Structure formats: structure tokens, C-alpha cells
Amino acid sequence: MEASPPRPRRSERVRKAAPKGRRRRGRDAAPVQVTAALLADVPLFATLDPALRERMAPRMTHLDLSRGETLFDGPPGTDDDAPVFLVLSGEASVHRAVGSGAPRVANYLAVGEAYVQKLFTVEDTRRLIVTAMVPLRALRMPYRDLNYAMRKSTAFRDAFGEALRPVTERQQARFDDERQGDIARFIVEQRLTFAGRVKLKRMDICIECDGCYDACRDRHGTDRLGASEIRYGLTEVPQNCHNCEIPECLDKCKFGHLSRHPDTGEIIISDNCIGCTMCAQGCSFGAIRMHSVADLNVDRYFPGRDPQNTGQNIAQKCDNCSGYRDQACITACPTGAMFQVSGGDLFGHWEQFNVHKTPGFGDIASPEASGRISRHLWRALSLLQILVVSWEVFGRLWWPALTFTTLMHGWGWLSEGVDPDRPLSGGGTFGHAIGYIGAFCMIGTQGYRIGKALAPRLGSVQAWMDSHIWLGVLGGVYGFYHTAFIWREPIAIATFALMMVALATGAVGRYLLYLVPRSQAGQQLALSEIQARIEAINGNIESKFRDRRVGFTVMTRVSQLDDASGLARVVPPAEGDPDALARTRLLPGMVELFKQERAGRDAIDAMAGDLAGEVETGKAQEVLDLLKEKARLERSTRLHGFLSLVLKRYRVVHVVSSNIMFGALALHVVRSLMYSVG
């Protein structure tokens, strides 16, 4: 990941809040007069000669704006008359309209940064708009006065150049970059640049276990995380408190129940909140929610609440688990899908927003994906064990002299070698050994429940999830070989069958996550957003063809792959009758879905020969991958309701079959021990 342009430290870059005395005081309030003394308090103008400050002050205007008000809106003017803005408090977005196009975000301005028209004017610029993203104070002056001051003072010219440097570097590295431009505009449009922190959720690796929401409710008694209402590609931003550097909620409470935590700097709500709703109305992100006191366990979750408090509601918001050693939602995530970055560092994580553009996006690791090392370790150890036990099992049947048992018997480590009459038996020493190992592996899968409850003290939830998956795989392999390929004992057969059901449902769940492109806990994904992703992939595919018309023809063929299939007869479309969806037979629908998924991928692979001479050199495999992604998304668009229904129900089957399997496993082990003792 490339380095981000240098940003000033937060303490230098922004104040925690605009001074209350200088906030917007109403339409009839007298404007602030710009004086030489006021300019002397601004670091940039402190470099000027006092006499020059006296001359410039009357020619400047102090702006005190509310969120959404504009500093400037109009066509570019001549350089001498163009306005120059210096942001004193708050942040502003800059939009630019070129030709007949609609205005688009061109950049933003933070505290201490300056707006100069020529920085944002490109060929055919029709309109420039500068808008306050939060309550903002700024100084306005004509460009000719600025130019005059720079000619008179070298120190001022150098200081002003430093104020422009982060704006120009950000422009080049982010907004003008082909890969990062859309992401940078998204961050500004959602006003995340002034966030103290931002929680992000990667839906490509989220398994919708609701662990983040459950952990939040268990710790605080209320759901402070919020649903994911802001999305870019496969990345979602929960409706969560951003601990804004310039909060609009903090001074709304007239009872003093909102304050900054003395250690963490987080905005926290007192247990004695009376539920007046003023802070919730002030938060423009909707991150503060009201809860009825009657529905809460006050003694457990609000121990500081005054018994005499008669408020019927209480405001709640995320305070980043102040007072705890971890963030409950992030700790509880088993895949690293939930993580958090500061608003100032958000641009440095642009690749997290870009995972949907590269099929096989698992190479991009989330900052909180602490299970990544354990995942590789478990994979290596599991594959090694599978290879060793497979060689031993099949070697006993076909090449006894080459088995590990024969080798260790020759070294004197074992008293007996392979029995030539019964080389493989479930009741023999070797058969019992791998049976007990398999049983311990299956029991070990339940460590995930313990690890999830005790994380992060006993390791990350991601590492425990990896152990759950790979111990289940190993348990299935050892259990399969323990049967010695003989099927007579009813309890043993039932145990093995239930074990296979548990493994199969787990594998199906992982596969379904691949088929569902994006989702969020408890809510359906908007089809329009999936369609937007499809359009982006279409454009990417067309750009790889020498003749775009050929590319369009190929994409049409891919879009028609499902039209002649039997899928529509089994599964109702996304826009169909909800009652028909509820009546859908899940198993036939899943079987048909998997068949069409496999057939679609094979059909696309068969196009490889046709693409060889039509696409740019070396781009054929990339086009095939993009076509497969396009087919998956279009199938998900038609069937997203069915997929979400299956995704919810498969977990029930997985958990129930696993629990029954453990009961059967216990009976099988007890019976085996009784037989051995007898």
C-alpha cells in the first residue's frame, strides 16, 4: 500500500470544537469584525508585519457558517477578484462542475488550509462550490490582497505555500488518481474526513454471524453499533459515532450529560441522561439513538443512574468501549471483517474500499485480521496431517512395507508392525488411535465458543474461528479413515453421517457467502447497488477488448447463461412474490443453483479460445475472471432474496446437526470403551 501524503498532526490540524462564543449566533447576530489583533492570533498572518496586518484587516471578511452553507458558489472569476478562503475551524468540501456535467467533489479543506481558485480550475470549469461540512469559521479576502502580502513578506509567502501544500498533494495523490479518485470523493461526500474514528465492515469476508451486534448489546445493554447505511463496493460504514473532531452534539445537551472522556477523549453520555433527544437531533450522522429505560437492565448497565431520575428514555451512542481494554464489536468478529481507523488515516486504507474490483480479493488484509497468521499455520498443519494419515491408511492396504508403522517397527519404536491379515481395522490399535484423534478434533471445534467469550484474553476470535474450521476438517478426515471403509455398526454409521452433515453445512455456508455479494445483519441488500457494481465491471471488461463491440457481445452471452436454465422454475426471482419465496423448497433450489454456478463458470472458461485474439495482450485471464464475477453478481441480483434466506437457515442446520452429532459421538465412544474393557 503506498504511503499517504503527509498530514499535520491532529493537535495542529484541528481544534476539538469551534469556540462557543463564535458559533453561529442567529441571523440577527452582529458579524465578527476582522481586526489586526484577530489576524495576529492566526499562525499564517502572524508572520506579517503589524502595519501590513492593520492595512489588510478591514479588507477581510470573517465567515461563521452552519453545516451545509456555502462559502462560494459560482463560475471562476479573474484571478485578482477571485476569493481566497482560509479555514480557521471546521472543514469544507470543494465541488467542481466541468462542461455540462454535474458538480463533483474535487477536494476538501481542513483547518489551516486555504482555498485558491486556480488550484481547482481545470479546462472548461463552469462552476466552483465551496460548502461547510460542519460548523465552520473562515477568513475571506480577494486574491489581489493575498498576492500583495506575498510580495511584501517572504515569510508569509513561505507559510502560505505550506498551507497549500497538503491540498495540492492530496489533489494529486487521491482525487486525480484513477484508482483512488472515486474513493476519495466518497469519503468527502460522506463527511468522514473530520471523523475522530471510523468503523469499517468488509462484507466480502463478513459471515453475518451478528457477533458484533451481540457483543455490543452484551457489554452495554443497547445496540450502539448501528446498521450499515453507507456503502462503497464491498465496504460498509456502520451508523456509528465517529467521535467527530468538531461535534455538533456536544453542546446541545443543556444538562451537562454529554462530555469528553478525560483519558480517551471520547464523547460519552452520562448514565443520568434524561432522554431530552437534543443530542440525537444534533447528530447529523444519526449515531445517537433513544432507548426506553423500562426496556433496559438499569442496575447492570447504568449503575451510576440516580434512582430519583424520572427520565423515561436514555440516549446511547458508541463511546469506543471507553473503560474497557478492547472494542467489543471488533473483538467479536471471527473473520476480521470489522476494523477501525482514524478519520485522518482513512485515505491510507483506500485498498480496503477497492476489494470488489479484483476477483480473489483475499490478498487485501484488514488491519484487524489478526487471524491471518493462524490461518496459514492451521492450513499447513492440517494439510500435513491429512497427507501423513492418508499415506498410512492406503499404504496399509497396498504397500505395507512403505508405511510409517513398518518403518517405526524396524527402528524398534513399535512392538508390532502391520498385521498382514488385517492391515486396516477400525477396532485395531491404529483404527482406535485415529478414531480418538478425530473425536478430540471434533470436541476441539467447540473451543470457538469458549474463545469467542474470552477474547481477546485467550487470542483473537479470528484465530479461534480458524481452529474451528480446520479441526472440523481434520475430525472429518480422521473419522472417515476410522471407519476402515466398513459400514456395519448403526451408532458408528449415524455418528459419521451426522459428522458429514455438519461439515457439509459448514462448507455450504462458506460457499453461499461467495454467492451473496454484499449484505448486512438482518437487512436485504439494495439491488440498485449491486447493479452499480455490475456496471463498473462491464466498463472494466469493455476496456480490455480491442473492439468494444466484441466485448459487449461477450458480456451479452454471459448475461444469457442462466436464461435457458431450470433455475427460474425452482427459485422465484428477487422481485417476485415474497410468499412464493417463503414456500421455495430450499434443497432443490440450492442444488439447481450450484449446478448453474458450475455450468456458468465452465461456459466462461470455454470462451478462452475466443478471447485470445480479441483482448489486449496478457489480459485474457483477467477478462475471464471479470466475466465470472459479472455472472455471479447478475445471478445474485436475480436471486438475492433466496440466497439471503438460505444463508440464514443453513446455520440452523449446521448447529443442530453438530449438536446431535456430539451426542452420537459420545455414545459411540462409550460403546467402544465398553467393548474394549469387555
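Calculation criteria
- Residues numbered from 1 in each chain as written.
- Predicted model: local features only at pLDDT ≥ 70, side-chain atom pairs only at ≥ 80, totals over all residues.
- Heavy atoms only, no water.
- Helix = DSSP H or I, 4+ residues; strand = E, 2+ residues; numbered from the N terminus.
- Contact = heavy atoms within 4.5 Å.
- Areas by Shrake-Rupley, 256 points an atom, 1.4 Å probe, with all protein chains shown as cover.
- Polar contact = N/O pair within 3.5 Å; in protein donor to acceptor, adjacent residues only side chain to side chain.
- Disulfide = S-S within 2.5 Å.
- Buried < 20%, exposed > 50% of the residue type's maximum accessible area, 1.4 Å probe, protein only.
- Pairing = 2+ DSSP bridges.
- Axes fitted to C-alpha atoms, helices over the stretch in contact; angles between N-to-C directions.
- Phe/Tyr/Trp six-rings, centres within 6.5 Å; stacked < 30°, edge-to-face > 60°.
- Core = buried A, V, L, I, M, F, W, Y, C linked by side-chain atoms within 4.5 Å.
- Expected span 1.5 Å × (residues − 1).
- Arc of directions from axis to C-beta.
- Salt bridge = Lys/Arg side-chain N within 4 Å of Asp/Glu carboxyl O.

K.L.:
Just to check I follow, could you spell out the overall build of the protein for this structure?
P.N.:
When helices and strands are counted, the protein shows 25 helices and 16 strands. Long-range pairs, those at least 24 residues apart, make up 76% of the contacts in the protein with a sequence separation of at least 6. When the accessible surface of the protein is totalled, it reaches about 32400 Å², and 56% of it is carbon and sulfur.

K.L.:
Please clarify how the side chain of R197 should be interpreted in this entry.
P.N.:
Locating R197 in the fold gives a position in the loop between α7 (181–189) and β9 (198–202). A polar side-chain atom of R197 sits 2.8 Å from the main-chain carbonyl oxygen of C241. A distance of 2.9 Å separates the side chain of R197 from the side chain of E266, its partner in a polar contact. Apart from the residues within four sequence positions on either side, R197 is in contact with N240, C241, H242, N243, E266, C318, D319, N320, Q340, V341, S342 and G343.

K.L.:
Quick question: what am I supposed to make of the state of the cysteines here?
P.N.:
Throughout this description, disulfide means a covalent bond between two cysteine sulfur atoms. Applying the stated criterion across every chain yields a total of zero disulfides. Not part of a disulfide, C276 finds its nearest cysteine sulfur in C253, a span of 5.5 Å. Relative accessible area serves as the criterion here: at 30%, C276 is assigned to the partly exposed category.

K.L.:
Where do I start with the sheet that holds strand β6 (residues 114–116) in this structure?
P.N.:
Strands sit in the order β1-β8-β3-β6 across an open sheet of four strands; the sheet is antiparallel. The open sheet has two free edges, formed respectively by β1 (61–65) and β6, since each of these has just one partner strand. Ignoring strand direction, the axes of neighbouring strands in this sheet form an average angle of 25°. Two elements, strand β3 (residues 83–89) and β6, share three bridges in a ladder whose sense is antiparallel. Among the inter-strand pairings, V84 is bridged to a residue of β6, identified as V116. Strands β3 and β6 of the sheet are contacted by helix α6 (residues 154–175), whose axis makes an angle of about 85° with β6.

K.L.:
Help me out: how do you make sense of the environment of K199 in this one?
P.N.:
Mapped onto the elements, K199 comes out in strand β9. C-alpha separation for the pair K199 and V237, spaced 38 residues apart in sequence, amounts to 6.2 Å. A polar side-chain atom of K199 sits 3.3 Å from a polar atom in the side chain of N320. Polar side-chain contacts of K199 include one of 2.8 Å to the side chain of Q340.

K.L.:
Honestly, the packing of aromatic side chains in this entry has me stumped. Any pointers?
P.N.:
Both the distance between ring centres and the angle between the ring planes are used here to describe each pair of aromatic rings. Under the definition given, this model contains 20 aromatic pairs. Plain terms: the ring middles of Y232 and F353 are 6.2 Å apart, the flat faces sit at 80° to each other, and that makes the pair edge-to-face. Here Y232, found in strand β10 (residues 228–232), pairs with F353, found in helix α12 (residues 350–353); they are 121 residues apart in sequence, far enough to count as distant. Judged by its relative accessible area of 14%, Y232 falls in the buried class.

K.L.:
Is there a simple way to explain the nonpolar core in this structure?
P.N.:
Taken as a class, soluble globular proteins show a tendency for nonpolar side chains to be buried jointly. Counting 47 residues, the largest nonpolar core has L200, I288 and L346 as the members making the most contacts within it. Counting residues per element, this core draws most heavily on α7, at five residues. Setting aside chain neighbours within four positions, we find I288 in contact with C249, I269, C279, A280, C283, A315, Q316 and K317. Judged by nonpolar contacts, the second largest core, of 25 residues, contains A114, Y143, A149 and M150.

K.L.:
I would appreciate a short explanation of helix α20 (residues 548–559) in the present structure.
P.N.:
Each turn of an α-helix holds 3.6 residues, which means side chains three or four residues apart point in the same direction. The terminal C-alpha atoms of α20 lie 16 Å apart, and with 12 residues this matches the ideal 16 Å at 1.5 Å per residue to within 8%. Those residues of α20 that fall on the buried side of the exposure criterion are G551, V554, M555 and V558. For α20, the buried positions fall inside an angular range of 100° around the axis, keeping them on one side. With respect to the buried face of α20, the exposed residues turned more than 90 degrees away are R549 and F552.

K.L.:
Explanation requested: the pattern of salt bridges in the structure shown.
P.N.:
Any two side chains of opposite charge can pair, so long as their charged atoms come close to each other. In total, this model carries 16 salt bridges according to the counting rule given. The salt bridge involving D182 is made with R185; its shortest N-O contact spans 2.7 Å. On the criterion of helical spacing, the pair formed by D182 and R185 is a turn pair, its members being three residues apart in helix α7. Residue classification places D182 among the partly exposed positions, given a relative accessible area of 36%. Taking relative accessible area as the criterion, R185 reaches 14% and is therefore assigned buried.

K.L.:
Hey, could you run me through the sheet that holds strand β2 (residues 70–74) in this one?
P.N.:
Pairing between sheet strands relies on hydrogen bonds along the backbone, with the strands arranged either parallel or antiparallel. Strand order across the open sheet formed by four strands is β2-β7-β4-β5, with antiparallel pairing between neighbours. One side of each edge strand has no neighbouring strand; the edge strands of this open sheet are β2 and β5 (104–109). Strand after strand, the sheet turns through a mean of 20° between neighbouring axes, direction not considered. In this sheet, strand β7 (residues 125–132) lies alongside strand β4 (residues 92–98) in antiparallel orientation, the contact comprising seven bridges. Residue H95 lies in a different strand from β7, and its bridge partner there is I129.

K.L.:
Sorry if this is basic, but what is going on with unusual backbone geometry here?
P.N.:
Residues apart from glycine generally show negative phi values, whereas peptide bonds are mostly found in trans. One non-glycine residue with positive phi stands out, namely D124, at about 70°. Relative to the helices and strands, D124 resides in the loop between α4 (117–120) and β7. Judged by relative accessible area, which is 53%, D124 ranks as exposed.

K.L.:
Even after reading the chapter, I still don't get the pairing of strand β14 (residues 289–292), so can you show me in this structure?
P.N.:
Look at any regular strand and the pattern is simple: side chains alternate between the two faces of the sheet. Residues R289 and H291 line the buried face of β14, whereas the alternating positions M290 and S292 sit on a face that is not buried. Where β14 lies against strand β15 (residues 313–316), four bridges are found, and the strand directions are antiparallel. In the strand pairing of β15, S292 is matched with N313.

K.L.:
When you look at the environment of K619 in this model, what are you seeing that I'm missing?
P.N.:
Residue position: K619 is located in the loop between α24 (608–611) and α25 (620–677). Considered as a pair, K619 and F545 are 74 residues apart in the sequence and their alpha carbons are 8.8 Å apart.

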